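# Report on the structure
Below are the chains, spelled out letter by letter.
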Amino acid sequence: MIELALLLLLGGIGPVLLAEALLARYEVVVYAAGWRSPTAARPEGMAPARGAEVDRPPAAYLVYLDGIGKRRFHDTRDGGRLVKALIAGAPELRVLGQVQPYSPLALPLANRPVWVWLRRRIGLVLFLHNVMQTFVAADRRYRPLYNRAVGSQIATQLRLAGYQRDSGIPVVMLSYSGGAQVATGAVDELWSQLRPPLWLITLGGFHNGANDISHAQHLDQLTSAGDRIERVGTWMFPQRWRLFRRSGWNRADRAGKITVHRLDPATHVGPRSYISPQARLPDGRTHLDRTADTVIALIRDRLGATAQNDGPLP
């Protein structure tokens, strides 16, 4: 009986996976052909950034790249909780959460009629779409185009939020789950367009380790022994193995650019996830509180180190 149920499940999901594998490449092909460029549009009334006001430069710009549940300009439920906690705890940051990491053309799924229809009937398809986009972004045939498209999207949103090339204000890309594949891939394009001091923070990052992150000053990897999904990524992508010394990830690791921070016993998703507002630590904080505190502390530490290296202002 169990075998029959499994066959029926695979029989139903198999064609969907095949269709998604074909459709996921569509946006990259359209971008490569020059038929369309990433849109800079946002919903009416949506500010280009939150947090630090636009009347003075922020201490840093924080770009949040959400996990595979991202399907609209607004953050997912869990991602939204994290962003709100970061804004409340670090009002000196200017935060952008509207980037569409799983759409090279910056088109949220929630705005497409066919996906609205599917969501009402087969909600799983929305997640499969973004999962497949993550693998397209990791595919060596499409990766350079995907990286350029989403990197350009991020650069455009930063300009709209007030960022000026060569301003020296740091840009922090905080990515959750599959957003890490996009964040590491966007480094070169962001450097080419804006020349920012660039820091990466991955939270349960799922990525293939192939992207060159030499233009990033540092990458802080927030992880947990209870995060099975991130661990699968380190196993399934050879570029994450130490054997592949020339991969972007391993070159950065040897250069001392990667620091691991443990957030045990958090899991990737679920009631004990990194962003859970219910699960509590022995010190009384929730997992969400600890994650937000850790991100803020890392950013402030690096801001402080940068200020010391630059010396006193004239």
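None of the values given here were measured: they were computed from a predicted structure. (Residues numbered from 1 in each chain as written. Predicted model: local features only at pLDDT ≥ 70, side-chain atom pairs only at ≥ 80, totals over all residues. Heavy atoms only, no water.)

What follows deals with the pattern of salt bridges. Inspection of every chain in the model, using the stated rule, returns nine salt bridges. Here R165 ties to D166 by a salt bridge, and the two come within 3.6 Å at their closest N and O atoms. Assessed through its relative accessible area of 53%, D166 is described here as exposed. (Salt bridge = Lys/Arg side-chain N within 4 Å of Asp/Glu carboxyl O. Buried < 20%, exposed > 50% of the residue type's maximum accessible area, 1.4 Å probe, protein only.)

Moving on: unusual backbone geometry. In this model, D264 is joined to P265 through a cis peptide bond whose omega is 5 degrees. With respect to the helices, strands and loops of the structure, P265 is situated in the loop between strand 7 (258–262) and helix 10 (287–310). Of note, the phi angle at D166 is positive, near 60 degrees, even though the residue is not glycine. Note on placement: D166 falls in the loop between helix 6 (143–160) and strand 4 (171–176). Despite not being glycine, R195 shows a phi value in the positive range, around 55 degrees. Looking at the element boundaries, R195 is found in the loop between helix 7 (179–194) and strand 5 (198–203). (Helix = DSSP H or I, 4+ residues; strand = E, 2+ residues; numbered from the N terminus.)

Note on aromatic pairs: each is described by the distance of the centres and the angle between the planes. Inspection of every chain in the model, using the stated rule, returns five aromatic pairs. Consider the rings of F135 and F206, whose centres lie 6.1 Å apart with planes at 75 degrees: the pair is edge-to-face. Residue F135 is located in helix 5 (residues 124–138), and its partner F206 is located in the loop between strand 5 and strand 6 (218–223); the two are separated by 71 residues in the primary sequence. Taking the centre distance of 6.1 Å and the plane angle of 65 degrees together, the rings of W241 and F244 count as edge-to-face. According to the relative accessible area criterion, W241 is partly exposed, its value standing at 36%. The ring of W249 carries the charged tip of R240 above its face, separated from the ring centre by 4.7 Å. (Phe/Tyr/Trp six-rings, centres within 6.5 Å; stacked < 30°, edge-to-face > 60°. Lys NZ or Arg CZ within 6 Å of the ring centre and 35° of its normal.)

Of note, N147 is situated in helix 6. By relative accessible area, which is 12% here, N147 ends up buried. Beyond its immediate chain neighbours, meaning those up to four positions away, N147 contacts A137, G185, A186, E189 and N211. (Contact = heavy atoms within 4.5 Å.)

Strands sit in the order 1-3-2-4-5-6-7 across an open sheet of seven strands; the sheet is mixed. Either end of the sheet is taken by a strand with one partner, and the two such strands are strand 1 (50–51) and strand 7. Two elements, strand 2 (residues 60–65) and strand 3 (residues 93–96), share four bridges in a ladder whose sense is parallel. Across the sheet, A60 pairs through a bridge with L93, a residue of strand 3. Sheet strands touched by helix 7: strand 2, strand 4, strand 5 and strand 6. Its angle to strand 4, the strand with the most contacts, is close to 155 degrees. (Pairing = 2+ DSSP bridges. Axes fitted to C-alpha atoms, helices over the stretch in contact; angles between N-to-C directions.)

Time to look at the nonpolar core. Grouped burial of nonpolar side chains is what soluble globular proteins tend to show. If you look at the biggest cluster of nonpolar residues, it comprises 35 residues, and the most contacted ones within it are I154, L158 and M173. Every element with two or more residues in this core is listed here: strand 2, helix 5, helix 6, strand 4, helix 7, strand 5 and helix 9 (248–254). Counting residues per element, this core draws most heavily on helix 7, which supplies six residues. Excluding anything up to four places from it in sequence, L158 contacts Y61, V63, L96, Y163, V171, L190 and L194. One finds V83, L174, V295 and L298 within the second-largest nonpolar core, a separate group that totals 27 residues. (Core = buried A, V, L, I, M, F, W, Y, C linked by side-chain atoms within 4.5 Å.)

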